[in-house]
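# Understanding the architecture of this molecule
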Amino acid sequence: MTASTTFDLAALNQQFETASPTEILAWSVQNIPTGLVQTSAFNVDDIILTHILYTILEHPTPVIFLDTLYHFPQTLELVAKVKEIYNLDLQTYKTPDVNSREAFAAKFGEALWDTDIAKFHDITKIEPLLRGLDDLNTVAWITGRRRDQAVTRATMPVFELDGKGRLKINPLATWTRKQSWAYVAEHKVIYNPLHDQGYPSIGDEPITTKVADGEDERAGRWRGSEKTECGIHI
């Protein structure tokens, strides 16, 4: 089964444009009984969706996490805490045959993100993600993206298809950063302490910087370059 032959995207987007994330996820778990996966970088929006799936809907959903080997220590600590809190069905994927930053540098060169950022993301994110989605026989995958995170996401639909015809679900598409943090406060959702230290969007440690007031949330990712996405969502 592929989403492209099963679901009417136009009708779904019209139906759910004003729906809440919980309503969107409730529809997802009801209509996609197998092959539903969440992808998570364990940013605050990702954990909100995990909280809805596991606590409100009581639907333990596999969560793909891409261990690039270059995450902040705080991110890895958070992953372990979230796994314990929710008894998470965590599926971690990484670059094959390398298990440390030193091994990665020895195999691919020092600071690959500086010399070839596209290759770095292909090795650490795109290939592991595609492998994970295939391994889990994914029909649809859930992301934590919002339209107000960056201008490149301003027209993002709630439902879309990826390059292989799988359904891609963005339950927080219409939410704002303020709404996300209101949810966190109301439901006491755990989050990365770096969010309180000027990092609204957290990626790999060597290429994530703090964001100033007035900048896009994702302005701290790949600062100094024209890059706006790692390639997973293009």
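How each quantity is defined
Residues numbered from 1 in each chain as written. Predicted model: local features only at pLDDT ≥ 70, side-chain atom pairs only at ≥ 80, totals over all residues. Heavy atoms only, no water. Helix = DSSP H or I, 4+ residues; strand = E, 2+ residues; numbered from the N terminus. Buried < 20%, exposed > 50% of the residue type's maximum accessible area, 1.4 Å probe, protein only. Contact = heavy atoms within 4.5 Å. Areas by Shrake-Rupley, 256 points an atom, 1.4 Å probe, with all protein chains shown as cover. Axes fitted to C-alpha atoms, helices over the stretch in contact; angles between N-to-C directions. Parallel < 35°, antiparallel > 145°, perpendicular 65-115°, else oblique. Left-handed = near helix turned anticlockwise from the far one by under 90°. Nonpolar A, V, L, I, M, F, W, Y, C, P; charged D, E, K, R; others polar. Core = buried A, V, L, I, M, F, W, Y, C linked by side-chain atoms within 4.5 Å. Salt bridge = Lys/Arg side-chain N within 4 Å of Asp/Glu carboxyl O. Pairing = 2+ DSSP bridges. Right-handed = clockwise from strand over helix to strand, strands pointing away.

A few words on the overall build of the protein. Each helix and strand counted, the protein has 9 helices and 6 strands in total. With 234 residues in all, the protein has 50% of them scored as buried. The contacts of the protein with a sequence gap of at least 6 include a subset with a gap of at least 24, amounting to 70%. Accessible surface, the protein as shown: approximately 11,000 Å² in total, 50% of it carbon and sulfur.

Moving on, we come to the packing of helix H4 (residues 44-56) against helix H9 (residues 177-187). Each pair of packed helices can be summarised by the angle the axes make with each other and by the distance between the axes. Running from N to C, H4 and H9 point in directions that differ by 45°, and their axes come no closer than 10 Å. In terms of orientation, H4 lies oblique with respect to H9. For H4 against H9, the interelement crossing comes out left-handed. Counting all contacts with H4, which are made through Val44, Asp45, Ile48, His51, Ile52 and Ile56, the residues of H9 involved are Ser180, Trp181, Tyr183, Val184 and His187. Classifying every residue of the contact of H4 with H9 by side-chain character gives 7 nonpolar, 3 polar and 1 charged.

Turning next to the nonpolar core. Membership of the largest hydrophobic core comes to 40 residues, with the highest contact counts inside it found for Trp27, Ile32, Phe42, Leu88, Phe159, Leu167 and Ile169. Element by element, the count of residues in this core is highest for H4, at 7 residues. Listed in part, the 9 residues of the second largest apolar core include Leu69, Phe104, Ile123 and Ile207.

Okay, the pattern of salt bridges next. The tally for this structure, following the rule as stated, stands at 9 salt bridges. Here glutamate 17 ties to arginine 147 by a salt bridge, and the two come within 2.8 Å at their closest N and O atoms. Here glutamate 17, found in the loop between helix H2 (9-16) and helix H3 (21-31), pairs with arginine 147, found in the loop between strand E4 (140-142) and strand E5 (159-161); they are 130 residues apart in sequence, far enough to count as distant. Among the charged side chains, a salt-bridge network with shared partners connects Asp134, Asp162, Lys164 and Arg166.

Pairing is mixed in the open sheet, where 6 strands are placed in the order E3-E2-E1-E4-E6-E5. Two strands in the sheet have a free side with no partner beyond their single neighbour: strand E3 (90-93) and E5. For this sheet the average axis-to-axis angle between neighbouring strands, irrespective of direction, equals 30°. Here E5 runs beside strand E6 (residues 167-169); their pairing, made up of 3 bridges, is antiparallel. In the sheet register, leucine 161 faces E6, and the bridge partner there is leucine 167.

As a further point, take the pairing of strand E1 (residues 36-39). Side-chain positions along a regular strand alternate between the two faces of the sheet. By the alternation rule, side chains of E1 split into Leu36 and Gln38 and Val37 and Thr39, which are all buried. Note: E1 against strand E2 (residues 63-66), 2 bridges, orientation parallel. Opposite glutamine 38, over in E2, you have valine 63 as the bridge partner. The β-α-β motif built from E1, the intervening H4 and the parallel element E2 has right-handed crossover chirality.

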